[in-house]
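This is what each chain is made of:
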Amino acid sequence: MLGAVAGTAVNAPRSAVPPESAAEPAHWSEQAQAEPVVVRLPPELRSVSEARTCLTRVALSWGCDEELLADGRIVLSELMSNGVLHARTELQVAIHPRPGGGLRVEVKDLSSAPVLPPLPLPGSEPNLLDRPRSGSEAHAADLPNATGRGLHLVSVLSTTWGWFPEAGGGKTVWAELGPIEKSDSEAERSYSERSPYPLRPVRVIAAPVRLVKESEDHFEDLFRELQMTHLAGDHEPMGELAAKAEMVRSRLSRMREPARRALWEAMRRGDRLIDISLIADTGMPTVFETTEKLLVEATSASLAGLLLTEGPAAEVNEWRRWLRAELEGQIAGKPPKACPFPVASPLGRERGPEWDRLDAARRNALAELKAVLAGPVVAGQDGTGAGSPLSNALECAVTILGARRAVLNVLDDDSETVHFGTSIGFSPVVAAYWGSFPVSADLPSCEAIRTAKPVLFRTFAELDERYPVFLSTPAESDPSLACLPLVPTRGGAALGSFVLGFPQARDFNPAEIAFMRMIAAELADFIAGERDSEASARAWHLEREVETASATISAAVDKQRMVDEFLNAVVSLVADAASLHLLDAKGQLHYLGTKHRDAERQRAAEALFRRPRTAPSSPDLIGSCAA
């Protein structure tokens with residue numbers, strides 16, 4: 001049984017608040033400047049009801065709109081419930097009238113633990129790259145966790161809400177309903193905390209969002225049940241677990257706040273992976289050990305029927321063990337390592353109708369891409385510019401794969417230079433800076449060309465770690481990057497690379513990589529076909545010019561005219577310079593003439609060849625060729 005709750009008013013005695021039945025509505029304009037009503041309540045479940053009753057009496061005496069009051073009662077109940085369950089200190093409730101008929105409620109506690117915002121539901125644009133999720137996976141990923149639903153209600157029902165730390169310790173969580181007119185004194189404030197331990201920066205690289213969320217949800221569900229069980233006075237043996245959970249939650253707050261905010265942003269963007277930068281103190285290994293013991297004891301209590309919160313999935317336990325080892329290693333001075341866990345859940349990996357539909361859709365998409373590449377070239381285009389089949393196909397590929405931008409980096413005929421080719425979504429500054437670069441450059445696109453293998457980056461941290469050049473050069477901000485070699489289906493060396501930038505941090509499983517390589521192969525086939533056509537056109541043109549030159553040489557009326565026509569044909573068709581030397585019957589070389597594209601160099605060559613040899617016995621390159 002819960003004892004009676006006595007609330008103590010700070011600014012006015014409780015008797016100053018008229019009973020609900022005697023409340024006479026007043027004009028809100030007369031109450032907008034009234035002093036707020038403040039009440040102190042103990043951290044007990046019955047205080048939630050007391051605060052809600054107080055709000056009803058005060059708001060009705062001020063003439064509050066009944067619909068607004070109904071929302072305010074729900075919001076205050078959620079703020080009070082969080083205070084009772086998580087803060088476990090005396091709670092101070094403040095109720096303010098706001099100009100224009102609004103209402104502001106505040107709940108202040110003495111706990112330094114931050115308020116963690118609710119996690120949004122993940123979402124992303126549909127595309128044919130991601131594998132389908134089974135029903136159980138979709139259910140687990142899309143349903144919000146039990147803890148945090150209250151803050152979801154607060155964010156939906158209130159016009160705005162937030163929290164700030166108090167200068168003397170503790171924090172205030174507030175929410176405003178109805179019209180809002182902010183004052184200068186309500187400036188946003190940030191959270192800070194002091195620690196007696198030396199601090200260390202730690203970084204979690206490429207962690208699957210699903211595992212981070214499942215772990216957080218389980219911990220919050222467990223903490224909430226332990227606190228409620230302890231407050232209700234049931235299962236007294238749970239009191240020790242509740243105290244341990246409260247200590248762990250308080251000590252981990254410095255790390256969990258930025259982690260939860262990073263998770264919130266990642267889920268809002270639809271990321272599948274997340275990089276988290278944290279500050280840990282050197283005392284954390286002890287906290288991690290206590291946390292592990294708490295979770296083991298809680299799982300045992302659940303199996304014994306003492307708790308409703310079930311133990312986490314085996315993969316979540318593995319994730320927690322890896323995370324503990326990784327963070328402890330970094331605290332001790334080791335460099336960070338990327339998380340080895342897969343993005344996709346092991347659930348639903350078997351093939352089924354979803355896979356069959358996706359495979360059919362991918363086959364249709366490849367057929368559509370081929371049709372676009374086979375389309376007519378727009379008049380005035382060279383086959384690669386805007387409106388060309390290659391440009392249209394690149395737009396089609398970006399849509400199919402759900403990418404943000406793409407570029408075809410093409411290797412030149414010299415096999416040394418890579419050109420930034422047809423692209424979509426890149427800024428002019430980036431395109432100009434990376435206009436051309438050597439294939440030997442230390443760049444992911446060049447690596448894909450040299451190795452003929454995909455080069456993939458799941459998060460910013462992976463890209464920055466392997467290629468820090470992008471930290472100091474113009475580059476787009478894509479959380480994940482895929483560089484596919486442009487290898488034609490007939491095989492051979494890569495003709496370039498197909499680079500895709502994705503709007504979400506993500507993993508690439510074998511099926512996804514295979515699909516991207518199929519699209520890259522279609523693009524490579526088109527480029528190879530264009531090159532073959534150009535080579536055939538050049539060969540045909542060269543053959544026609546050779547025929548014309550042969551006819552001109554044959555029609556020459558004298559020896560010198562024939563020499564000049566021959567040299568002109570060689571220089572115009574196959575070389576920058578040429579000289580003609582004739583070997584007579586006695587084995588003597590006779591210089592006949594020189595042709596060079598540069599007139600000044602031609603004169604220098606003529607003077608050189610006409611000069612007598614100073615050492616007739618020395619080796620002679622031209623003579624060696626003639627012999």
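Note that this is a predicted model, so its numbers are computed, not measured. (Residues numbered from 1 in each chain as written. Predicted model: local features only at pLDDT ≥ 70, side-chain atom pairs only at ≥ 80, totals over all residues. Heavy atoms only, no water.)

## What to know about the overall build of the protein
Scanning the protein from terminus to terminus reveals 19 helices and 16 strands. When burial is assessed residue by residue, the protein has 44% of its 627 residues classed as buried. A separation of at least 24 residues holds for 69% of the contacts in the protein among residues at least 6 apart in sequence. Carbon and sulfur atoms provide 55% of the accessible area of the protein, an area that totals close to 31,700 Å². (Helix = DSSP H or I, 4+ residues; strand = E, 2+ residues; numbered from the N terminus. Buried < 20%, exposed > 50% of the residue type's maximum accessible area, 1.4 Å probe, protein only. Contact = heavy atoms within 4.5 Å. Areas by Shrake-Rupley, 256 points an atom, 1.4 Å probe, with all protein chains shown as cover.)

## Some thoughts on the pairing of strand β3 (residues 91-98)
Across the 8 residues of β3, 7 count as buried, placing the element largely inside the fold. Note that strand β2 (residues 37-41) and β3 share 5 bridges and pair antiparallel. Looking across to β3, one finds that Val37 is bridged to Ile95. The pairing of β3 with strand β4 (residues 102-109) spans 7 bridges and is antiparallel. Considered in β4, the bridge of Arg98 is made with Gly102. Between β3 and β4, which follow one another and run antiparallel, lie 3 residues, and Gly100 among them has a positive phi close to 85°. (Pairing = 2+ DSSP bridges.)

## Brief notes about helix α10 (residues 314-331)
Spanning 18 residues, α10 covers 26 Å between terminal C-alpha atoms, matching the ideal 26 Å at 1.5 Å per step. Listed as buried for α10 are Glu315, Val316, Trp319, Arg320, Trp322, Glu326, Leu327, Gly329, Gln330 and Ile331. Note on α10: the residue one or two positions beyond its end, Gly333, has a positive phi of about 110°. (Expected span 1.5 Å × (residues − 1).)

## A short note on the sheet that holds strand β12 (residues 455-457)
Pairing within the open sheet is antiparallel, and its 6 strands lie in the order β11-β10-β9-β14-β13-β12. With partners counted over all chains shown, the strands left at the sheet margins are β11 (436-438) and β12, one partner each. Across the sheet, the axes of successive neighbouring strands diverge by a mean angle of 20°, strand direction being ignored. Pairing between strand β10 (residues 417-424) and β11: 3 bridges, direction antiparallel. Within β11, the residue paired with Thr417 across the bridge is Pro438. Packing of helix α14 (residues 444-451) onto the sheet brings it into contact with β9 (405-411), β10, β11, β12, β13 (480-485) and β14 (496-502), and relative to β14 it is tilted by some 135°. Along the sheet, helix α16 (residues 510-554) contacts β9, β12, β13 and β14; its crossing angle with β13, the most-contacted strand, is approximately 50°. (Axes fitted to C-alpha atoms, helices over the stretch in contact; angles between N-to-C directions.)

## Details of the environment of Ala242
Within the secondary structure, Ala242 is located in helix α7 (residues 238-251). Remark: the alpha-carbon pair of Ala242 and Leu222, spanning 20 residues in sequence, is separated by 9.3 Å.

## Here we look at the environment of Asp442
Structurally, the position occupied by Asp442 is in the loop between β11 and α14. C-alpha separation for the pair Asp442 and Tyr467, spaced 25 residues apart in sequence, amounts to 7.7 Å.

## Looking at the pattern of salt bridges
All told, the structure shown has 28 salt bridges when counted by the stated rule. Between Glu289 and Lys293 there is a salt bridge; the shortest N-O distance is 3.7 Å. Residue Glu289 and its partner Lys293 are both found in helix α9 (residues 284-303); the two are separated by 4 residues, about one turn of the helix. Assessed through its relative accessible area of 38%, Glu289 is described here as partly exposed. Lys293 sits in the partly exposed class, given a relative accessible area of 46%. Close ionic contact of Glu292 with Arg324 constitutes a salt bridge, the shortest N to O distance being 2.3 Å. (Salt bridge = Lys/Arg side-chain N within 4 Å of Asp/Glu carboxyl O.)

## Here we look at helix α3 (residues 66-87)
Helix length check: α3, at 22 residues, gives a terminal C-alpha distance of 30 Å against a target of 32 Å (1.5 Å per residue), a fit within 8%. Counting buried residues in α3 gives 16 out of 22 residues, a clear majority hidden from the surface. Between the side-chain oxygen at the start of α3 and the backbone nitrogen of Glu67 there is a gap of 3.1 Å, and the oxygen is on Asp65. Arg88 sits one or two residues past α3 and shows a positive phi near 60°. (Polar contact = N/O pair within 3.5 Å; in protein donor to acceptor, adjacent residues only side chain to side chain.)

## Some thoughts on the packing of helix α12 (residues 389-401) against α16
α16 packs onto α12 with a crossing angle of 180° between their chain directions and a minimal axis gap of 11 Å. Here α12 lies roughly antiparallel to α16, going by the angle between them. Together, Pro389, Leu390, Ala393, Leu394, Ala397, Ile400 and Leu401 of α12 and Phe515, Met516, Ile519, Leu523, Phe526 and Ile527 of α16 make up the contact between the two elements. For the contact of α12 with α16, the class distribution of residues is 13 nonpolar, no polar and no charged. (Parallel < 35°, antiparallel > 145°, perpendicular 65-115°, else oblique. Nonpolar A, V, L, I, M, F, W, Y, C, P; charged D, E, K, R; others polar.)

## Quick notes on a negative patch on the surface
On the surface, a cluster of negative charge is made up of Asp412, Asp413, Asp414, Glu416 and Glu534. Structurally, Asp414 is set in the loop between β9 and β10. (Patch = residues over 30% accessible without salt bridge, like charges linked within 9 Å, V, L, I, M, F, W, Y side chains within 5 Å. Lys, Arg positive; Asp, Glu negative; His and termini not counted. Charge placed at Lys NZ, Arg CZ, Asp CG, Glu CD.)

## Some thoughts on the nonpolar core
Core analysis: the largest hydrophobic core is formed by 40 residues, its most contacted members being Leu226, Met255, Ile274, Met284 and Trp319. For this core, the secondary structure elements donating two or more residues are β7 (199-208), α6 (209-232), α7, α8 (253-269), β8 (273-281), α9 and α10. The contact partners of Trp319, leaving out residues within four places of it in the chain, are Val204, Ala207, Leu211, Val212, Ser215, Cys339 and Phe341. (Core = buried A, V, L, I, M, F, W, Y, C linked by side-chain atoms within 4.5 Å.)

## Regarding the packing of aromatic side chains
For the structure shown, the criterion picks out 10 aromatic pairs. Ring centres 5.7 Å apart and planes at 25° place the aromatic pair Trp319 and Trp322 in the stacked group. One end of the pair is Trp319 and the other is Trp322, both in helix α10 and 3 residues apart, which spans about a single turn. Accessibility expressed as a relative area gives 3% for Trp319, which makes it buried. Seen in terms of ring centroids, Trp319 and Phe341 are 6.3 Å apart; in terms of plane orientation they differ by 80°. Their pairing is edge-to-face. Taken together, the positions of Trp319 in helix α10 and Phe341 in the loop between α10 and α11 (353-373) put the pair 22 residues apart, joining distant regions of the chain. Three or more aromatic residues joined by ring pairs make a cluster, and in this case those are Tyr433, Trp434, Phe437 and Phe470. (Phe/Tyr/Trp six-rings, centres within 6.5 Å; stacked < 30°, edge-to-face > 60°.)

## What to know about the confidence of the model for the protein
Averaged over every residue, the pLDDT of the protein is 78; the share at 70 or more is 78%. With pLDDT under 50 throughout, residues 379-383 is counted as low confidence; its partners more than four residues away or in other chains account for 6 contacts. (pLDDT = per-residue confidence, 0-100.)

## Let's talk about the packing of α7 against α9
For any two helices packed against each other, one specifies the inter-axial angle together with the distance between the axes. Here α7 crosses α9 at 145°, and the two axes come no closer than 10 Å. Both α7 and α9 take part in a crossing whose hand is left-handed. In this structure, α7 uses Met238, Leu241, Lys244, Ala245, Met247, Val248 and Arg251 to contact α9, whose residues at the interface are Met284, Val287, Thr290, Thr291, Leu294, Glu297, Ala298 and Ala301. (Left-handed = near helix turned anticlockwise from the far one by under 90°.)

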